[in-house]
Amino acid sequence: MKKISAKVTERSIKDYLQDPKNFNKGNSFGEALIEKSISKLGAGRSLLAASDGTLIAGNKSHQKFSELGIDKVIEVETDGNTVVVVKRTDIKSGSKKFHELALADNMSALKNISMDEALMEEVCGEEICREYGMDKYSPENKEKEVDENLNTENECPLCGYKW
């Protein structure tokens, strides 16, 4: 294991700003799951901020941390070429708490997504939205071509009803 020197600072949750153009509008059910998870299990995920402290990811968690009075933040500076791992020393792998936090984390993320597609297109443009699989541009949502030669007349072999 190699020791590194990373800039680590203790800060306040209040030092970080919500993204005014956050693409995820969230919803009340998802936010309730985040609150329950944080209240019962503590912080599971970290936040991601730009160099000025504006949140890129974790806006909804940031909001709940603030509301619940969880103020202490340990900030690790990186340029995106280093993975930062949050290690929970109070949780053993395979334990009930381990699996409950995994479930809470995944379900909170799943259930609290309500994307503002108009804002996404406005800010990022069609090309980037398409690149990241925005629903509107996914192949399964494209209109299917109609085959004019396709037989659309059917007859029930039992009763002769035609449609």
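Provided above is the structure to which this section pertains.
A quick note: this is a predicted structure, and the numbers were derived from the prediction, not measured.

Engineer: Lay out the packing of aromatic side chains in plain terms, naming residues and giving numbers.
Structural biologist: Overall, the coordinates contain zero aromatic pairs when judged by the stated rule. For the cation-ring pair, Arg11 lies above Tyr16, with the distance from its terminal atom to the ring centre recorded as 5.0 Å.

Engineer: Give a description of the layout of surface pockets that names residues and reports values.
Structural biologist: Approximately 1100 Å³ is the volume attributed to the largest pocket. Listing elements by their share of the lining of the largest pocket, those giving two or more residues are β2 (48-49), β3 (55-57) and β4 (72-76). Of the residues forming the lining of the largest pocket, the biggest block, five residues, is contributed by β4. Per-class residue counts for the lining of the largest pocket are 18 nonpolar, seven polar and eight charged. Volume-wise, the second largest pocket comes out at about 770 Å³.

Engineer: Got a sec to walk through the pattern of salt bridges? Specific residues and values, please.
Structural biologist: What the rule picks out here adds up to 11 salt bridges. With a closest N to O distance of 3.3 Å, Arg11 and Asp15 form a salt bridge. Judged by its relative accessible area of 28%, Arg11 falls in the partly exposed class. Using a relative accessible area of 33% as the deciding quantity, one classes Asp15 as partly exposed. If you follow the salt bridges from partner to partner, you end up with Arg11, Asp15 and Glu75 in one network.

Engineer: Lay out the nonpolar core in plain terms, naming residues and giving numbers.
Structural biologist: Counting residues in hydrophobic clusters, the biggest one holds seven residues: Ile13, Tyr16, Ile34, Ile38, Leu55, Phe65 and Val73. If we skip the residues at most four places from it in the chain, Phe65 touches Ile13, Ile38, Ala43, Arg45, Leu47 and Ile70.

Engineer: Lay out the state of the cysteines in plain terms, naming residues and giving numbers.
Structural biologist: What the rule picks out here adds up to zero disulfides. Summary of cysteine pairing: Cys124 is not part of a disulfide, and the nearest cysteine sulfur, belonging to Cys129, is at 5.4 Å. With relative accessibility at 5%, the residue Cys129 sits in the buried group.

Engineer: Got a sec to walk through helix α1 (residues 28-41)? Specific residues and values, please.
Structural biologist: The α-helix advances 3.6 residues per turn, and as a result positions three or four apart in sequence lie on the same side. With 14 residues, α1 should cover 20 Å at 1.5 Å per step; its first-to-last C-alpha distance of 20 Å lies within 8% of that length. Inspection of α1 places Gly30, Glu31, Ile34, Ser37, Ile38 and Leu41 among the buried residues, and these make up the whole buried set. Summarising the axial view, the buried residues of α1 lie within an arc of 130 degrees, below the 170-degree limit, and thus occupy one face. Counted as exposed and oriented over 90 degrees from the buried face of α1: Ser28, Phe29, Lys36 and Lys40. Those residues of α1 that are buried lie in contact with α2 (59-67) and α3 (96-111). Of the residues that open α1, the one with a side-chain oxygen 3.2 Å from the backbone nitrogen of Phe29 is Asn27. The positive-phi residue at the C-terminal boundary of α1 is Gly42, with phi of around 85 degrees.

Engineer: Can you break down the packing of α1 against α3 residue by residue, with the values?
Structural biologist: Here α1 crosses α3 at 155 degrees, and the two axes come no closer than 8 Å. By the criterion of interaxial angle, the relationship of α1 to α3 is roughly antiparallel. Between α1 and α3 lies a crossing of left-handed hand. Counted together, Phe29, Gly30, Leu33, Ile34, Ser37, Lys40 and Leu41 of α1 and Lys97, Glu100, Leu101, Ala104, Met107, Ser108 and Lys111 of α3 form the full contact between these two elements. Class assignment of the residues belonging to the contact of α1 with α3 gives a composition of seven nonpolar, three polar and four charged.

Reading the values: the criteria
- Within each chain, residues carry numbers counting from 1 in the order of the written sequence.
- Given that this is a predicted model, residues contribute local features only at a pLDDT of at least 70 and side-chain atom pairs are listed and counted only at 80 or more, while totals for whole chains, interfaces and linings are drawn from all residues.
- Computation of side-chain values: all heavy atoms of the structure, hydrogens and water removed.
- Think of it this way: a Phe, Tyr or Trp ring, Trp meaning its six-membered ring, pairs with another when their centres are within 6.5 Å, and the plane angle makes it stacked under 30 degrees, edge-to-face over 60, tilted otherwise.
- Placement of a charge over a ring requires the Lys NZ or Arg CZ to be within 6 Å of the ring centre, with the centre-to-atom vector within 35 degrees of the ring normal.
- In this analysis, the protein atoms alone were mapped onto a 1 Å grid. Cavities are point sets where a 1.4 Å probe fits without being able to get out; pockets are open sets with protein on both sides within 12 Å along at least five of seven lines; lining residues have an atom within 4 Å of a point.
- Grid points are joined across faces, edges and corners, and a volume is the space filled by probe spheres set on the points.
- Helix and strand labels come from DSSP, where a helix needs a run of H or I of at least four residues and a strand needs a run of E of at least two; each type is numbered from the N terminus.
- Classification convention: Asp, Glu, Lys, Arg as charged; Ala, Val, Leu, Ile, Met, Phe, Trp, Tyr, Cys, Pro as nonpolar; all other residues, Gly among them, as polar.
- The term salt bridge refers to a side-chain nitrogen of Lys or Arg lying within 4 Å of a carboxyl oxygen of Asp or Glu.
- Partly exposed residues are those whose accessible area sits between 20% and 50% of the maximum for their type, while under 20% is buried and over 50% is exposed, using a 1.4 Å probe and protein chains only.
- For this analysis, a nonpolar core means a set of buried residues of the types Ala, Val, Leu, Ile, Met, Phe, Trp, Tyr and Cys, connected via side-chain atoms within 4.5 Å.
- It only takes one pair of heavy atoms within 4.5 Å for two residues to be counted as in contact.
- Working definition: a disulfide is two cysteine sulfur atoms within 2.5 Å of each other.
- Each residue after the first adds 1.5 Å to the expected span of a helix.
- Working note: the arc is built from the helix axis to C-beta atom directions.
- Under this definition, polar contacts are N or O atom pairs within 3.5 Å; protein pairs additionally need one hydrogen-donor-capable and one acceptor-capable atom, and for neighbouring residues in sequence, both atoms have to be side-chain atoms.
- Here, axes are lines fitted to C-alpha atoms. For helices the fit covers the stretch in contact, and angles between N-to-C directions go from 0 to 180 degrees.
- Should an angle fall under 35 degrees it is taken as roughly parallel, and over 145 as roughly antiparallel, whereas 65 to 115 is taken as roughly perpendicular and any remaining angle as oblique.
- For a crossing to be left-handed, the near helix must be turned anticlockwise from the far one by less than a right angle; the clockwise case is right-handed.

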